[in-house]
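Listed below are the residues making up each chain.
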Amino acid sequence: MPIKSCAPLTAGPKPPPHDLRMAKQRLIDRFPQYRDKYHADLVADLHRNEKSAILGHFAVIWIVVAVKWQVLPQSVLLTWAGMVNAAVAIRFLFYRSYQRRAKVSENDVKLHTFAISTVALAWSTGFLAILPYCGPGDVPLLMMVIAVISASAIISLSARLKSYAIFSTLLLIPCVIGLFFSSNPDYATGSLAIIFLVFCGSGVKRANQVSQSAMIRRYQNSEIMRDLGKAKRQLQEAVRSAEAASTAKQEFLANVSHEIRTPMNGVLGMTDLVLETQLDEDQRRCLETARRSGTGLLYLIDDLLDFSKIEAGKMDIDMVSYQLRPLIQDLLEVHRHSGKAKAEILLHIDESIPETIVGDPNRIRQVLNNLIGNAVKFTPKGFIRVTASHAIHENESRLELAISDDGVGIPADRLASIFESFTQADGSTTRTYGGTGLGLTISRNLAELMGGSLSVQSEVGEGSTFTASVPLVKHETNELTTAMYVLTLGENNVELANRLRSSGANAEASSIDGELWNTARSLFRDKNSQRFVMLMVADFEAHKKLITAFLHHFQCIPVITDIGDVKLPVKNALRSHGDVSPTTLEKLVADSKNAAQAVSEPCQKEAISLRILVAEDHPTNATIVRRMLETMGHEVELAGDGQIAVDAFTRNGADLILMDLQMPVMGGHDACRAIRRLEDGKHIPILALTAHATAEERQLSMEAGMDDHLTKPFTREQLTNAIQLWGSSHHSPEKLS
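The next point concerns the packing of helix α6 (residues 138-157) against helix α7 (residues 161-181). Relative orientation of the contacting elements α6 and α7 amounts to 170°, with a least axis distance of 9 Å. For the element pair α6 / α7, the angle class is roughly antiparallel. Judged by residue contacts, V139, M143, I146, I149, S150, A151, A153, I154 and L157 of α6 engage S163, Y164, F167, S168, L171, L172, C175 and L179 from α7. Across the contact of α6 with α7, the residue classes tally to 14 nonpolar, three polar and no charged.

Bringing the packing of helix α4 (residues 74-100) against helix α5 (residues 108-130) into the picture now. Two numbers describe how α4 lies on α5: the axes approach to 9 Å, and their chain directions differ by 175°. Judged on the interaxial angle alone, α5 and α4 are roughly antiparallel. Classifying every residue of the contact of α4 with α5 gives 20 nonpolar, four polar and two charged.

What follows deals with the nonpolar core. The nonpolar side chains of soluble globular proteins are, as a tendency, buried together. W80, W123, F127, I130, L142, M143 and F167 are the most contacted members of the largest nonpolar core, which totals 49 residues. Counting residues per element, the ones that place at least two in this core are α2 (35-48), α3 (50-67), α4, α5, α6, α7 and α8 (187-225). Apart from the residues within four sequence positions on either side, I130 is in contact with L72, P73, V76, L77, W80 and L142. Of all hydrophobic cores here, the second largest spans 45 residues; its members include V533, L656, F714 and I723.

Following the criterion strictly, the structure yields three aromatic pairs and no others. When the ring of W80 is compared with that of W123, the centres are 5.8 Å apart and the planes differ by 80°; the resulting orientation is edge-to-face. A residue pair is termed long-range when its members are at least 10 positions apart, and W80 in helix α4 and W123 in helix α5 qualify at 43 residues. Residue class for W80 comes out buried when judged on its relative accessible area of 2%.

A separate point is helix α24 (residues 716-727). Between its first and last C-alpha, α24 extends 15 Å over twelve residues, near the 16 Å set by a 1.5 Å rise per residue. Among all positions in α24, only L719, A722, I723, L725, W726 and G727 are buried.

The topology assignment puts D272 in helix α9 (residues 230-275). For D272, a relative accessible area of 13% puts it in the buried group. A C-alpha to C-alpha distance of 8.0 Å links D272 and R291, two positions 19 residues apart in sequence.

The element strand β5 (residues 396-405) is largely enclosed, with a buried count of eight among its ten residues. Here strand β4 (residues 383-393) pairs with β5 via ten bridges, running antiparallel. Note on β5: the bridge partner recorded for I392 is S397. If you look at the hairpin formed by β4 and β5, you'll find two residues sitting between the two strands, and E394 has a positive phi there, around 50°. Pairing of β5 with strand β7 (residues 463-471), which is carried by seven bridges, proceeds in the antiparallel orientation.

All right, on to unusual backbone geometry then. Notably, V665 is not glycine yet its phi reads approximately 70°, a positive angle. Along the chain, the position of V665 falls in the loop between β16 (656-660) and α22 (668-678). Looking at V665, the relative accessible area reads 72%, which means it is exposed.

Definitions and cut-offs
Residues numbered from 1 in each chain as written. Predicted model: local features only at pLDDT ≥ 70, side-chain atom pairs only at ≥ 80, totals over all residues. Heavy atoms only, no water. Axes fitted to C-alpha atoms, helices over the stretch in contact; angles between N-to-C directions. Helix = DSSP H or I, 4+ residues; strand = E, 2+ residues; numbered from the N terminus. Parallel < 35°, antiparallel > 145°, perpendicular 65-115°, else oblique. Contact = heavy atoms within 4.5 Å. Nonpolar A, V, L, I, M, F, W, Y, C, P; charged D, E, K, R; others polar. Core = buried A, V, L, I, M, F, W, Y, C linked by side-chain atoms within 4.5 Å. Buried < 20%, exposed > 50% of the residue type's maximum accessible area, 1.4 Å probe, protein only. Phe/Tyr/Trp six-rings, centres within 6.5 Å; stacked < 30°, edge-to-face > 60°. Expected span 1.5 Å × (residues − 1). Pairing = 2+ DSSP bridges.

This is the structure:
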């Protein structure tokens, strides 16, 4: 029966009593002929990540035992581990039973619910057993483990809200009750656990909505294809299915990223605020550990988003000039001083490698960081050798970056599979060393995107050698006495960037849209570099709002390329008249220092105390922003949604506005437009606050009238810099125009 519209179809027979229906049976009512297929899809979704979940539980409990072995009673720890292992074994048996059957059983959902309930009870019961023996620093760590388990279940259980509700309730509620009614109650940690449970519930609900939408689209497409020819139907169904899966995956990752970044902003922000108070050494150590763990979670999110971009074919590779030696040296210093390296790290760079080469330094750094990080993790003693050499393969110059270690090594039968997603050498590696198994996958894909490869040689007990080989392109240009980085915009921007490179500058061309920010982040990686933006007056006037915000954010000097005597649109702008010879570029560098000094001196003299309106519906995040701003000496007014913010601005005004984007009643973009309509000739800086860190989101904010963009979680330093940049009248866009 073809589907002609999205309106609900006539309902079929009432489904069986087992919980196979979505909200108000919407899916089954619309597609009664797919009831059995939906059941099979639901069961498959619930079991899709079962293997990773089982391994994760097994690894985490033994990590907890290892960490607390010398601190807590060993018999209780072993009992806890035994309970979790037994529950995981039950879950594994049900999973194997599901895999062996050719047909889905109606009891599969119930069996899966029973299995996850057993695991949740094992964790919470063990926590209650160990709670009486815990010291002040033990409870937060154990509750963090419980919270991570609850959050990670969003991915594996988002297909069925009831399954996640049962799992998280049995996991967290007994722990909270234990914290509240123990002999030494910990109301703060218990309250945070309840808040975390609410946030996770919101996150899994959104993920479930994405899953429902994808499933509805999949079934609609299937019905449309039914009336077409067999060959055409098979081809189009495959294409549509792939597109739907890719869209659903990216939406899911974006939503999970947003939902994790929002509470993490509260966790890290509150941690920073507490770290600024008087603490004893043990308290400070515990809080710094919590902050490092939260930061580690953000790195994991970034890895997942990178992996998604690579799979979707949206990862771009830049070609700019950079120096390899300082890049590697800086990276090694980070690992040497991280406190994790137990082996000595050595460096050798072949003298035949040019001092300046052309490539993507950010991606080279990312590959090296992953490989060196792995070597540090798997090498408890001995040496880690980082070597950069020049090789010739098939008449092509290659840069070979080899990381050798004296670590545990990798079995021969696992060498091919370690580059697969979410894969590690073996089960014992997961228990001992942890990790997501994405680092090598991302590194290999990045090496291939750069036109190279990533290979490995290893022997168990002897160590491993990972070699990244990429094309070696020498920087064949004139040398400037001072390095300068130039972004070219507008008409003929690609040709202009090529001419700049020939004159010795590091140059990139960009379109004037949301991608402008991503290109600039890659090009302007050195905070102390001379930064320029070359464009024509017409381009500036056509995109005045976006370019003004861009110049503020990256602290660039605009260079007008119009030929002839034109009025400069910005008072610190320079002229090049289209001439990009080395002599002209050297003069631009000298002139830019005087222009930057003239702009910065008034800012240093001006003491800023502002009335700041903060529109944020999340109470924790609102508290963090208010506390940070008040300690800077600003007067803060809070608004719980966009409409309240507009009313508050109408009533009291403000010197600067921090605006969350996702709020009830009226969102941040609509509120910004409403405030812009109220302004009477005076431009009030409005800065967006959001957990969406994409170029598209930034572009939408700029189109709505916002001046800048702060991505959650942000640090006090980032907030301070933004306030200093936009807070004074001197930095107002109208003053610069």
